[in-house]
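So the chains spell out like this:
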Amino acid sequence: MADQSISGNLKNLSLNGNGVATKKSNLVVCFGEMLIDFIPTVGGVSLAEAPAFEKAPGGAPANVAVCISKLGGSSAFIGKVGEDEFGRMLADILKKHNVDNSGLRFDHDARTALAFVTLTAEGEREFVFFRNPSADMLLRESELDIELIKKATIFHYGSISLIDEPCRSTQLAAMDIAKRSGSILSYDPNLRLPLWPSEDAARSGIMSVWNLADIIKISEDEISFLIGADDLNDDEVVLKRLFHPNLKLLLVTEGSAGCRYYTKEFKGRVNSIKVKAVDTTGAGDAFTGGILKCLASDGDLYQDEKRLREAIFFANVCAALTVTGKGGIPALPTQDAVQRTITEVTA
């Protein structure tokens, strides 16, 4: 099925005894925020109405790194947390999931970021963030693990770390190092409007690095926000406004419906599978983790439509399984779970 063509290339990947990735081959390095999500113990209530909260590790780039590792791939995380109980907990979670955390830094003054997440009856989310500033915003260029970045087959990042200095300059420097080292640049804007000073600042910040990416994953809601298109299904509008000359692959996720894909040679759509959604937190990150795991071991995937469609279906299943559980990282599926599901639905 979708993953069978790539699984063989992943068996020789390993971390050394210190939990550090020892090969460039297939390594995905994820840059950005890692934080604690506080999720109401019951759905469909406001934060004020929630009787209690459960804590769960999160942050989009960290979710992607853990997802790749749980799927049998090789991943590393670069970011900053507080020198506090939450920060140490997050470092341990990365290590527990075999994610190289040698690029994680600790801030002695700022705290680890927190986010309170409300869930509607449909499992959709609303966020309230506590980061004034939080440690992830304070990562400096001098703290980058340059050698780790140079190992990356794919260097993945979002837009939240572009909001404030010094992290913005640090991300741009890391992207430059990765590009010069031959890494594929992967971008998921992951719009979190409450964190930006204004809507205009968000659009400008997100688009400021758009033309540098080789792979971009974006949701329909984000397309609507960025370009204001009335018809989000109009391929010509999407291609004209969002597909830049150096882009290898543009992925537009459609939630439970699946995903559209665009390359220079072809375009199409891949359906997802039907599941009962409990919590959509981390679904997009699971999709990203699934597709990057495939791309890291098959760099020409975007040139072969059949293999690309299989990989996108694999990623769709990763996302679908994630929404059946609560919280970002805890709900991410394993390789075995994804493969079992693909076997069941394609039997």
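Keep in mind it's a predicted model, so treat the numbers as computed, not measured.

Visitor: Just give me the short version of the side chain of Arg131, but keep the residues and values in it.
Guide: Of note, Arg131 is situated in the loop between β7 (125-130) and α4 (146-150). On the basis of relative accessibility, which here comes to 11%, the residue Arg131 falls in the buried class. Side-chain polar atoms of Arg131 contact the side chain of Asp136, separated by 2.7 Å. Setting aside chain neighbours within four positions, we find Arg131 in contact with Ala113, Asp136, Met137, Ile160, Asp164 and Leu195.

Visitor: Just give me the short version of the confidence of the model for the protein chain, but keep the residues and values in it.
Guide: With 91% of its residues at a pLDDT of at least 70, the protein chain reaches an overall mean of 90. Here residues 1-19 is a poorly scored stretch, pLDDT under 50, and it has 40 contacts once near neighbours within four places are set aside; other chains count.

Visitor: Account for the environment of Thr334, with residues named and values stated.
Guide: You can see Thr334 is positioned in the loop between α11 (328-331) and α12 (335-346). Considered as a pair, Thr334 and Cys318 are 16 residues apart in the sequence and their alpha carbons are 8.5 Å apart. Those residues in contact with Thr334 that lie beyond four places of it in its chain are Lys70 and Leu71. Within the local environment of Thr334, its side chain forms a polar contact with the backbone nitrogen of Ala337, the two atoms lying 3.1 Å apart.

Visitor: Tell me what's going on with unusual backbone geometry, and back it up with residues and numbers.
Guide: Cis geometry marks the peptide bond from Asn132 to Pro133, where omega comes out at -10°. If you trace the backbone, Pro133 turns up in the loop between β7 and α4. Geometrically, the link from Glu165 to Pro166 is a cis peptide bond, its omega value of 5° lying close to zero. Positive phi, normally seen in glycine, also occurs at Asn190, with a value near 50°. Residue position: Asn190 is located in the loop between β9 (184-187) and α6 (199-207).

Visitor: Before we move on, can you summarise the nonpolar core with the specific residues and values?
Guide: By size, the foremost hydrophobic cluster in this structure holds 58 residues, and its most contacted members are Phe77, Ile291 and Ile312. Sort the elements by how many residues they give to this core and helix α10 (residues 305-322) lands first, with 11 residues. Contacts of Ile291, omitting those with residues within four sequence positions, involve Leu251, Ala311, Ile312 and Ala315. Within the second largest apolar cluster, 54 residues are counted, among which are Ala202, Ile206, Trp210 and Tyr262.

Visitor: Give me the lowdown on the packing of aromatic side chains, citing residues and values where you can.
Guide: Throughout the structure, instances matching the rule amount to 10 aromatic pairs. Judged by centre distance (5.4 Å) and plane angle (10°), the rings of Phe127 and Phe129 are stacked. Of the two residues, Phe127 and Phe129, both sit in the buried class. Between Tyr187 and Trp210, the aromatic rings sit 6.0 Å apart at their centres with planes inclined by 75°, giving edge-to-face as the arrangement. You can see Tyr187 sitting in strand β9 and its partner Trp210 sitting in the loop between α6 and β10 (215-219), a full 23 residues away along the chain. Grouping aromatic residues by their ring pairs yields a cluster made of Phe31, Phe155, Tyr157, Tyr187 and Trp210. Cation over ring: Arg203 sits above Phe225, and NZ or CZ is 4.3 Å from the ring centre.

How each quantity is defined
- Residues numbered from 1 in each chain as written.
- Predicted model: local features only at pLDDT ≥ 70, side-chain atom pairs only at ≥ 80, totals over all residues.
- Heavy atoms only, no water.
- Helix = DSSP H or I, 4+ residues; strand = E, 2+ residues; numbered from the N terminus.
- Buried < 20%, exposed > 50% of the residue type's maximum accessible area, 1.4 Å probe, protein only.
- Polar contact = N/O pair within 3.5 Å; in protein donor to acceptor, adjacent residues only side chain to side chain.
- Contact = heavy atoms within 4.5 Å.
- pLDDT = per-residue confidence, 0-100.
- Core = buried A, V, L, I, M, F, W, Y, C linked by side-chain atoms within 4.5 Å.
- Phe/Tyr/Trp six-rings, centres within 6.5 Å; stacked < 30°, edge-to-face > 60°.
- Lys NZ or Arg CZ within 6 Å of the ring centre and 35° of its normal.

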